[in-house]
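Secondary and tertiary structure notes
Spelled out, the chains give:
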Amino acid sequence: MIPLPRKLSHPLPQQCQSLRHFGLHRHAAQAQAATMQDTLVAILPRCLEIIAKAAAFQLEHFRSMPAGADDQKAAREMVSFVDVETEKILLDGLLPLVDGAGFFGEESGKSGSQDLVWIVDPLDGTTNYLSGLDHFSISVALVHHGQPIFGVVHKPVTKETWSCIKGHGLHYNGKPYPKVSATLTAKDALFVTGFPYRSQDIAENFFACADEVLITGRGIRRTGSAALDVSHLSCGWYQGYWESDLQPYDIAAGMLFMQENGCIVSNPQGQDYDMFNDRIMVAALPMVHPTLKQIIAKHYA
């Protein structure tokens, strides 16, 4: 059983800010926000049950699949029946939880509304999974008008779970997690990234950048699951992260974790990262981010 967060008490930020000067509309907007907040709190237990079911299915087949039990959907991007069946479990379970919500899954694509949408990576780290490495995850986010408002990332092997409702802070294994350090600097930072296997046009930029980042802090890691990378960063276990050509399902939940727990998430120009349009994410602890952003901007210019 995935542990539930303790009772949540802080309201979601007021929605529909464009109506704030119109009293009646403002009250309607507040009521709408409160209704959404109540919905998100109410669905979290069921969401965790659905994810636990998906995780159990993955573990049932982990390290038991023969070589060649996968297909290559694109260069260096693998998919197996486990990805597909896991996504079906999540789709069937999640859609009834929120009226009117659409779905955007890595394997099945987009369906229904994309203004309020479940964004799901059923198996982030497929190559690890198919190779017998235990570093893979399930990522689920509910996104409203392009911004994540609810997220869960679960690592099946260790049963670790990150969860968050916008405005309520990050929870790790059901308990509130402390904010990241506001004083640690780049020289003491451990960085994490992903190789640009989707992005051969910027491979040289990446390796030149990595050379500089390597001597800026305490080292670089590459793990094979972006969802876990940003979840770990949200806890301060890594202190800086960059990667190119991420997909929304890779990082939608993790973006919320990082934002709620004190990390800075931007593009190389320093603007808020747009998961649907920006090519490169730069995320780090507050005192690490300026240095990392400067290095990224220089090498990817």
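Residue positions are given per chain, counting from 1 as you read along its sequence in written order. Local features are withheld for residues below a pLDDT of 70 in this predicted model, meaning they are given only at 70 or higher, and side-chain atom pairs are given and counted only at 80 or more; totals for whole chains, interfaces and linings count all residues. Note that water and hydrogens are dropped before the side-chain values are worked out from all heavy atoms of the structure.

Details of the overall build of the chain
Operational definition: Only DSSP runs of H or I reaching four residues or more are called helices, and only runs of E reaching two or more are called strands; each is numbered from the N terminus. Whether a residue is buried, partly exposed or exposed follows from its accessible area with a 1.4 Å probe, protein chains only, as a fraction of its type maximum: under 20%, in between, or over 50%, in that order. Working rule for contacts: check all heavy atoms of both residues, and any pair within 4.5 Å makes them a contact. Each accessible area is a Shrake-Rupley estimate made with a 1.4 Å probe; only the visible protein chains count as cover when residues are assessed.
Counting its regular elements, the chain contains seven helices and 15 strands. Residue burial in the chain is summarised as follows: out of 301 residues, 52% are buried. A separation threshold of at least 6 residues defines the contact pool for the chain, and within that pool the share at least 24 residues apart is 64%. Split by element, the accessible area of the chain, about 13,500 Å² in all, is 53% carbon and sulfur.

Notes on the pairing of strand β13 (residues 240–244)
What counts is decided by this rule: Think of it this way: DSSP has to see at least two bridges between two strands before they count as a pair.
Burial analysis of β13 places five of its five residues in the buried class, the great majority of the element. Because side chains alternate across β13, one face comprises the buried residues G240, W242 and S244, and the other comprises Y241 and E243, equally buried. Relative to β13, strand β11 (residues 190–193) runs parallel, the two being bridged by three bridges. Residue pairing in the sheet places V192 in a bridge with Y241 of β13. One ladder, built from five bridges, connects β13 with strand β15 (residues 280–284); its direction is antiparallel. Each bridged residue has a counterpart across the sheet, and for S244 the counterpart in β15 is I280.

Some points on the pairing of β15
With respect to burial, β15 is a largely interior element, five of its five residues being buried. Side chains I280, V282 and A284 of β15 all project onto a buried face; the interleaved residues M281 and A283 project onto the opposite face, where all are buried too. Pairing between strand β14 (residues 264–266) and β15: three bridges, direction antiparallel. Across the sheet, the residue bridging to V265 is A283, located in β15.

Concerning the pattern of salt bridges
To keep things clear, this is the line we draw: Throughout this description, the term salt bridge denotes a Lys or Arg side-chain nitrogen within 4 Å of a carboxyl oxygen of Asp or Glu.
A complete count under the given rule lists seven salt bridges for this structure. For E85, the salt bridge is made with K88, and the minimal N-O distance between the two is 3.4 Å. Residue E85 and its partner K88 are both found in helix α2 (residues 81–94); the two are separated by three residues, about one turn of the helix. Residue E85 is classed as partly exposed on the basis of its relative accessible area, which comes to 30%. One salt bridge in this structure joins R198 and D250, with 3.5 Å as the shortest N-O distance. Here the residue R198 occupies a position in the loop between β11 and α4 (203–216), and D250 occupies one in helix α6 (residues 248–260), the gap between them amounting to 52 residues. Residue classification places R198 among the partly exposed residues on the basis of a relative accessible area of 27%. Salt bridges sharing common partners tie together D201, D245 and R279.

Notes on the sheet that holds β11
Definition in use: A fitted line through C-alpha atoms represents every axis, and for helices the fit uses only the stretch in contact; the resulting angles, taken between N-to-C directions, go from 0 to 180 degrees.
Within the open sheet, the five strands sit side by side as β12-β11-β13-β15-β14. Their pairing is mixed. Each edge of the open sheet carries a strand with a single partner, namely β12 (219–222) and β14. Neighbouring strand axes in the sheet, compared pairwise and without regard to direction, differ in orientation by 15° on average. Strands β11, β13 and β15 of the sheet are contacted by helix α5 (residues 226–234), whose axis makes an angle of about 155° with β13.

Brief notes about the packing of α5 against α6
Counted only if it meets this: Each angle receives one of four descriptions, namely roughly parallel if under 35 degrees, roughly antiparallel if over 145, roughly perpendicular if within 65 to 115, and oblique otherwise. All amino acids are sorted into three groups, where Ala, Val, Leu, Ile, Met, Phe, Trp, Tyr, Cys and Pro are nonpolar, Asp, Glu, Lys and Arg are charged, and the leftover types, Gly among them, are polar.
Relative to each other, α5 and α6 sit at 0°, their axes nearing to 8 Å. Relative to α6, the element α5 is oriented roughly parallel. Residues A226, A227, V230, S231, L233 and S234 of α5 form the contact with α6, whose own contacting residues are D250, I251, G254, F257 and M258. In terms of residue class, the contact of α5 with α6 is made up of seven nonpolar, three polar and one charged.

Some words on the nonpolar core
We apply this condition: In these notes, a set of buried Ala, Val, Leu, Ile, Met, Phe, Trp, Tyr and Cys residues joined through side-chain atoms within 4.5 Å is what counts as a nonpolar core.
Counting residues in hydrophobic clusters, the biggest one holds 54 residues, and the most contacted among them are Y241, W242, I251, M258 and M281. The element that contributes the greatest number of residues to this core is α6, accounting for eight residues. In this structure Y241 touches V192, T193, A226, D229, V230, L233, L246, M281, V282, A283 and L292, once residues within four positions along its chain are discounted. V82, V120, F136 and V152 belong to the second-largest nonpolar core, a separate cluster that totals 34 residues.

As for the side chain of T86
Convention followed: In the analysis that follows, any N or O atom pair within 3.5 Å is treated as a polar contact, provided that within protein one partner can donate a hydrogen and the other can accept it, and provided that, for residues neighboring in sequence, both atoms belong to side chains.
Following the sequence through the fold, T86 ends up in helix α2. A distance of 2.6 Å separates the side chain of T86 from the backbone oxygen of V82, its partner in a polar contact. When near neighbours in sequence (up to four residues on either side) are disregarded, T86 contacts A54, F57, Q58 and P122.

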